[in-house]
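Structural overview for review
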Amino acid sequence: MESSVTLGKIIEDGTAKLNIEMPTNAIEAFGVYFAFLEEKSKEINLTSITGVEDVAQLHFLDSLAMLMVDSFDGKRVIDVGSGAGFPGLPIKIVIPTMELTLLDATAKKVDFLRALSSELGLETNCIHERAEEASQKEQFRGKFDIAISRAVARLNVLCELCLPFVCIGGMFYGMKGIDSNDEIEEAQNAIVALGGKIESIVDYAIPETDIHHRIIGIKKTASTPDAYPRRFARISKSPL
């Protein structure tokens, strides 16, 4: 199929420019992902981005850019607010040894993630729960080497939702635009209060586009106090 060839070429060329080594079956898996996403997006609201080129660049390659900042091999990873699986599932396709948990508050999206994981033959743990409630549970709190999120919340809010999941010495990576300097400054108090510190800020261009994004790496240096995260209404009303 022509679209599959196009999708494969975009991903092959893009990952080469990102210096990401691809497993032999990865291109085929991304073809399955794309077809399943296009089909299910007609039934439920998964993404406003459609078409081979845009999905390949703005979802798949953008997600895989995360591999520039850390090794996910063998790591326990949680994708908070995963939605249609970004960035967690594209990373899992390339690094199948990672232990991936996909968390979303919308039941239909979690059903999609379970079905997609099955289609791809990938073992994932798909959780239907709000982040601020899940991270208060013993089986999730402080249990992950890496938390990742491409959610649209501001960084101080994302930190309160994501850092409680991370073990001491682990990392939270938030995906943002390059115009996020004000968010980084705004989040300083929250990062410290939640037991973290900014470790890295990496800007990158999505291959073959003029779009630049940023990955903010926050290291977990101390346990998050029991009071956090708060209820979401409280987080929204009075961000740290």
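Above this note sits the structure.
Remember, it's a predicted structure, so these values are computed and weren't measured experimentally.

Time to look at the nonpolar core. A general tendency of soluble globular proteins is for nonpolar side chains to be buried together. Counting residues in hydrophobic clusters, the biggest one holds 51 residues, and the most contacted among them are F30, Y33, F60, M66, F72 and F112. The set of elements that each furnish at least two residues to this core consists of α1 (2–17), α2 (26–40), α3 (52–64), α4 (88–94), β2 (99–104), α5 (107–120), β4 (144–149) and β5 (166–177). Setting aside its immediate chain neighbours within four residues, F60 contacts L7, I11, F30, Y33, F34, V55, F86 and P90. L103, I127, C162 and Y228 belong to the second largest nonpolar core, which has 28 residues in total.

A word on the packing of aromatic side chains. Aromatic ring pairs are described here by two measures, namely the spacing of the ring centres and the angle between the planes. Following the criterion strictly, the structure yields six aromatic pairs and no others. Ring centres 4.9 Å apart and planes at 50° place the aromatic pair F30 and F60 in the tilted group. Within this pair, whereas F30 is found in helix α2, its partner F60 is found in helix α3, the two being separated by 30 residues in sequence. Taking 5.4 Å as the distance between ring centres and 5° as the angle between the ring planes, the aromatic pair formed by Y33 and F86 counts as stacked. Taken as a pair, Y33 in helix α2 and F86 in the loop between β1 (76–80) and α4 lie far apart in primary sequence, 53 residues in all. One exposure class covers both Y33 and F86, and it is buried. Connected via pairs of aromatic rings, a cluster forms that spans F30, Y33, F60 and F86. Lying over the aromatic face of F232, R130 brings its terminal NZ or CZ to 5.2 Å of the ring centre.

About the criteria used
Counting restarts for each chain, with residues numbered from 1 along the sequence as it is written. For this predicted model, a pLDDT threshold of at least 70 governs which residues receive local features, and a threshold of 80 or more governs which side-chain atom pairs are given and counted, while totals over whole chains, interfaces and linings are taken from all residues. The basis for the side-chain values is all heavy atoms of the structure; hydrogens and waters are excluded. Residues belong to a common nonpolar core when they are buried Ala, Val, Leu, Ile, Met, Phe, Trp, Tyr or Cys residues joined through side-chain atoms within 4.5 Å. Note on classification: 1.4 Å probe, protein chains only; a residue is buried when its accessible area is under 20% of the maximum for its type, exposed when over 50%, partly exposed between these limits. Numbered from the N terminus, helices here are DSSP runs of H or I no shorter than four residues, and strands are runs of E no shorter than two. Should any heavy atoms of two residues lie within 4.5 Å, those residues are considered in contact. Ring pairs are drawn from Phe, Tyr and Trp, using the six-membered ring of Trp, whenever the two centres fall within 6.5 Å, and their geometry is named by plane angle: stacked under 30 degrees, edge-to-face over 60, tilted for the rest. Throughout this description, the term charge over a ring refers to an Arg CZ or Lys NZ atom that lies within 6 Å of the ring centre and within 35 degrees of the ring normal.

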